[in-house]
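Chain residues, written in single-letter form:
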Amino acid sequence: MAARWRACELGAACGPNQYHELSQCLYLGNCGLGMDVRTYIQQRELSGWQFELMQKYLAALDARLAEQGIRLGGGR
């Protein structure tokens, strides 16, 4: 989920009704039609606790990348 979240932040196609969300609806009945990917992740795929952990993970990843002088979306 963190990778999909980050991809959305970096410009991936994450509008409503993307493939993953539609397949979850079709095959598992977990429908969030009309939700963008990040809303779907937050409301349908992760519990509040899991979402909080994912946000902490992404913050730690960003901090580690910054220590290495790496900027996402622009290289070094």
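Notes on the structure in this doc start here. (Residues numbered from 1 in each chain as written. Predicted model: local features only at pLDDT ≥ 70, side-chain atom pairs only at ≥ 80, totals over all residues. Heavy atoms only, no water.)

## Quick notes on the packing of aromatic side chains
- Counted by the stated rule, this structure contains one aromatic pair.
- Aromatic pair Trp5 and Phe51: ring centres 5.2 Å apart, planes at 70°, arrangement edge-to-face. Of this pair, Trp5 sits in helix α1 (residues 2–9) while Phe51 sits in helix α4 (residues 48–67), and the two are 46 residues apart along the sequence.
- A relative accessible area of 15% means that Phe51 is categorised as buried.
- Over the ring of Trp5 we find Arg38, and its NZ or CZ is 5.8 Å from the ring centre. (Phe/Tyr/Trp six-rings, centres within 6.5 Å; stacked < 30°, edge-to-face > 60°. Helix = DSSP H or I, 4+ residues; strand = E, 2+ residues; numbered from the N terminus. Buried < 20%, exposed > 50% of the residue type's maximum accessible area, 1.4 Å probe, protein only. Lys NZ or Arg CZ within 6 Å of the ring centre and 35° of its normal.)

## Structural notes on the environment of Arg4
- One can find Arg4 in helix α1.
- Taking the relative accessible area as the measure of exposure, Arg4 reaches 21% and is therefore partly exposed.
- When sequence neighbours within four positions are dropped, the list of residues in contact with Arg4 reads His20, Glu21, Val37, Ile41 and Glu45. (Contact = heavy atoms within 4.5 Å.)

## Focus on the side chain of Gln24
- In this structure, Gln24 sits in helix α2 (residues 19–28).
- For Gln24, a relative accessible area of 17% gives the class buried.
- Setting aside its immediate chain neighbours within four residues, Gln24 contacts Gly29, Asn30, Tyr40 and Glu45.

## Quick notes on the pattern of salt bridges
- The tally for this structure, following the rule as stated, stands at six salt bridges.
- Glu9 serves as the salt-bridge partner of Arg6, at 2.7 Å between the closest nitrogen and oxygen. Within this pair, Arg6 and its partner Glu9 are both found in helix α1, separated by three residues, close to a single helical turn.
- Glu9 gets classed as partly exposed once you look at its relative accessible area, which sits at 41%.
- Residue Glu52 pairs with Lys56 through a salt bridge whose shortest N-O separation is 3.3 Å. Taken as a pair, Glu52 and Lys56 lie in helix α4 at a separation of four residues, close to a single helical turn.
- The class for Glu52 is partly exposed, based on a relative accessible area of 43%. (Salt bridge = Lys/Arg side-chain N within 4 Å of Asp/Glu carboxyl O.)

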